[in-house]
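Letter by letter, the chains look like this.
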Amino acid sequence: MAGKTLYDKLWESHLVTDLDNGTSLIYIDLHYLHEVTSPQAFEGLRLAGRKPWRSQANMATPDHNVPTTTDERSRGVEGIVDPVSKIQVKFLDANCKEYDIEEFEIDDPRHGIVHVIGPEQGRTLPGMTIVCGDSHTSTHGALGSLAHGIGTSEVEHVLATQCLIQRKAKNMLVKVNGELKPGVTAKDVVLAIIGKIGTAGGTGYTIEFGGDVIRSLSLEGRMTVCNMAIEAGARAGLVAVDEKTIDYVKGRPFAPKGEAWELAATAWRDLVSDADAEFDAVVELDGSEIVPQVSWGTSPEMVAPVTGSIPDPADAPSEARRTNYQQALKYMGLKAGTRIQDIRLDRVFIGSCTNSRIEDLRAAAAVVKGRKVAANIREALVVPGSGVVKAQAEREGLDKVFIEAGLQWREPGCSMCLAMNADQLGEGEHCASTSNRNFEGRQGFGGRTHLVSPAMAAAAAVFGHFVDVREVELN
Amino acid sequence: MKKFEREKGLVLPLDRANVDTDYIIPKQFLKSIKRTGFGKNLFDEARYLDKGQPDQDCSGRPLNPDFVMNQPRYKGVSILLARENFGCGSSREHAPWALDDYGFRCVIAPSYADIFFNNCVKNGILLIVLDEKTVDELFRETEANPGYTLDVDLQSQTITKPDGSTISFEVEPSRKHILLNGLDDIGLTLQHARKISSFEAGWKEKSPWLFAGN
Ligand code: SF4
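So, a few notes on the structure that sits alongside this text. Computed from a predicted model, the values in this text were never measured in an experiment.

1. A few points about the packing of helix α2 (residues 39-47) of chain A against helix α4 (residues 83-98) of chain A
All names here are of chain A. Here α2 crosses α4 at 40°, and the two axes come no closer than 10 Å. Relative to α4, the element α2 lies oblique. The crossing of α2 and α4 is left-handed. Side by side, α2 and α4 meet where P39, F42 and R46 of the first sit next to Q88, F91, N95 and E98 of the second.

2. So, the packing of aromatic side chains
Taken as a whole and assessed by the stated rule, the structure comprises 15 aromatic pairs over all chains. Considering the side-chain rings of Y23 of chain B and F43 of chain B, the 5.8 Å spacing of their centres and the 55° angle between planes classify their relative orientation as tilted. With a gap of 20 residues between them, Y23 of chain B in helix α1 (residues 21-24) and F43 of chain B in the loop between α1 and α2 (44-47) connect regions that are remote in the sequence. Accessibility assignment for this pair places Y23 of chain B and F43 of chain B in one class, buried. Of the aromatic side chains, those joined through ring pairs into one cluster are Y27 of chain A together with F199 and W203 of chain B. Its guanidinium or amino end placed over the ring of Y248 of chain A, R252 of chain A lies 3.8 Å from that ring's centre, counting from NZ or CZ.

3. Thoughts on the interface of chain B and chain A
Every contact between the two is made by 57 residues of chain B and, on the other side, 75 residues of chain A. Contact between chain B and chain A buries roughly 5700 Å² in total, counting both sides, with carbon and sulfur atoms accounting for 57%. Area buried by chain B at its contact with chain A is led by K31, I33 and W209 of chain B, which between them contribute 14% of it. At the boundary of chain B with chain A, the tally comes to seven salt bridges. We note a salt bridge from E200 of chain B to R54 of chain A, for which the minimum N-O separation is 3.5 Å. Taken together, the links from chain B to chain A amount to 35 residue pairs in polar contact (both at pLDDT 80 or more). Breaking the side of chain B that touches chain A down by element, the ones donating at least two residues are α1, α3 (94-102), α4 (114-121), α6 (173-181), α7 (185-190) and α8 (193-206) of chain B. In terms of residue count, α8 of chain B provides more of the side of chain B that touches chain A than any other element does, seven residues in total. For the side of chain B that touches chain A, the per-class residue count stands at 18 nonpolar, 17 polar and 22 charged.

Cut-offs applied
Residues numbered from 1 in each chain as written. Chains lettered and ligands numbered in written order. Predicted model: local features only at pLDDT ≥ 70, side-chain atom pairs only at ≥ 80, totals over all residues. Heavy atoms only, no water. Axes fitted to C-alpha atoms, helices over the stretch in contact; angles between N-to-C directions. Helix = DSSP H or I, 4+ residues; strand = E, 2+ residues; numbered from the N terminus. Parallel < 35°, antiparallel > 145°, perpendicular 65-115°, else oblique. Left-handed = near helix turned anticlockwise from the far one by under 90°. Contact = heavy atoms within 4.5 Å. Phe/Tyr/Trp six-rings, centres within 6.5 Å; stacked < 30°, edge-to-face > 60°. Buried < 20%, exposed > 50% of the residue type's maximum accessible area, 1.4 Å probe, protein only. Lys NZ or Arg CZ within 6 Å of the ring centre and 35° of its normal. Buried area = accessible area lost by both parts, 1.4 Å probe. Salt bridge = Lys/Arg side-chain N within 4 Å of Asp/Glu carboxyl O. Polar contact = N/O pair within 3.5 Å; in protein donor to acceptor, adjacent residues only side chain to side chain. Nonpolar A, V, L, I, M, F, W, Y, C, P; charged D, E, K, R; others polar.

The following block contains the structure:
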């Protein structure tokens, strides 16, 4: 019999029971909550007279709606100017109090984007099942945990039962071989993967990312890759546990200590796919061929190397794709054949659960150091993923590097990744963004997003257009 | 939960692949703490020419004449005909809430995103998968014939066209059962409470660090 994949192992260890209709009850170890997708779930719980099954298995933080200016943030919840956003954040606070759920409130120094603070605090541990009413929950798979997004009805279901009704997904292995060239990052790797398999390529699968390139990435880089598994259509992305994973978790505030640590670390070392495991699909990429990527359209699969041009819809592989490309170019105000480096830019956003961790900020700061934001860039925002990242960056003086170069240094939150707060693109504006979605209107009504790595976004800020960051000298 | 048994209604052809949940319901409307009232903002950015705000009265907003849903012949639609990978993107259940609130009871497309699929079942919306050729044909027929209706019957798993011909479709037996009966799946899961507790006890013994502080 063939061996087991990591996904098989995680599934089996959390299987409560198979139901007679092809679905299964899966036990959930950890449930993250935020203000946008939870209020209706708490309301449902209340209406049905139910209680959380295990309050301690939940952790909450408001991140999607919160303002990022220091002025607003210095006054906590009351500082939120938008009254509708304020209500939502207050609702989360009240629900967490009522149901005894731990929350990092808006003014907690540990506050931040839920997918950044979970791993950072050691709440996310290898081998767990983790869900959250947010599709980028896939991020946590970088630590060898089975993590995926759920809808609000499922949020309520997990609160009430600590379980989820699931159908087992198929196994896909995405293997990135070889070695990355200097200046090429985890973000470029995942954009290249999505460019190759498409936004629906992983639908119905759990993707395990493997190969030498993935092994060589830091945990933060692996989080960037798993974060965008959902952009490839897979609910969950995984990276097998290795010593790097265990070192990353060690000593974090919520990580097990002492004897429990030894026990846990031993168990985690088994969280790898067996050598003879069989995958339903295998995709291989040569890491040494990956060039910094830039998205030109309105779907994350519409990417091109920074050295390339916008493709011609006439060359699209199918009729539906052709229409799709044409619609995208129309929205983006771009023409086929335009060189990526000639796209005019108006704004830059460095942040989001894809790229707002300390390594991302270091990479961006290294590029802007000793340079100034180009005259045509109206605004360049740097939004750290958490209070902890912000404090660390300030200890390293990165905030000063950004400010001196003319970028804005903000308070943590989702910010312009989805533009639910005041951080938004204007109509028709082009933005180099380190976030994960370039959908129509995602970063603001009529806004045009180009997905890139932090170093590429930083270079775009100082040069005013996309440049191949591999050729930028660091000061 | 809402039931789905049968729906006979007008069809809206939305000719666009990879329709994402931001397109279905833009984020500013996610600030609501309610489950209802999202219908007027369904496809907001494509449907209106201005930028919509939460809690705004939409009756006076300028409509985009090029958006298919704004054509008078599609007033009162309840079946949505769509292209591949419908509902990709975020996990927001506001997307099915908006479809439901507008009056859509059923979607027909070649494929859907996973999370969206689940979210629809939880809201009594039937998602039908048909091959691209059949979907193409339905697009052509809908566009060519004002007043084109389909009759979708979940029990028999058939779609009847205006000319009386039928198309059959697949549906997972469990989803069919839940939809036909409008079951509350939290209640169903809680029938397994003893199994959940005993799993939990065993799991705690094996992985005590996951239960620290409990
Ligand atoms: S940063 Fe963006 S993608 Fe991540 S959780 Fe926030 S809104 Fe979602």
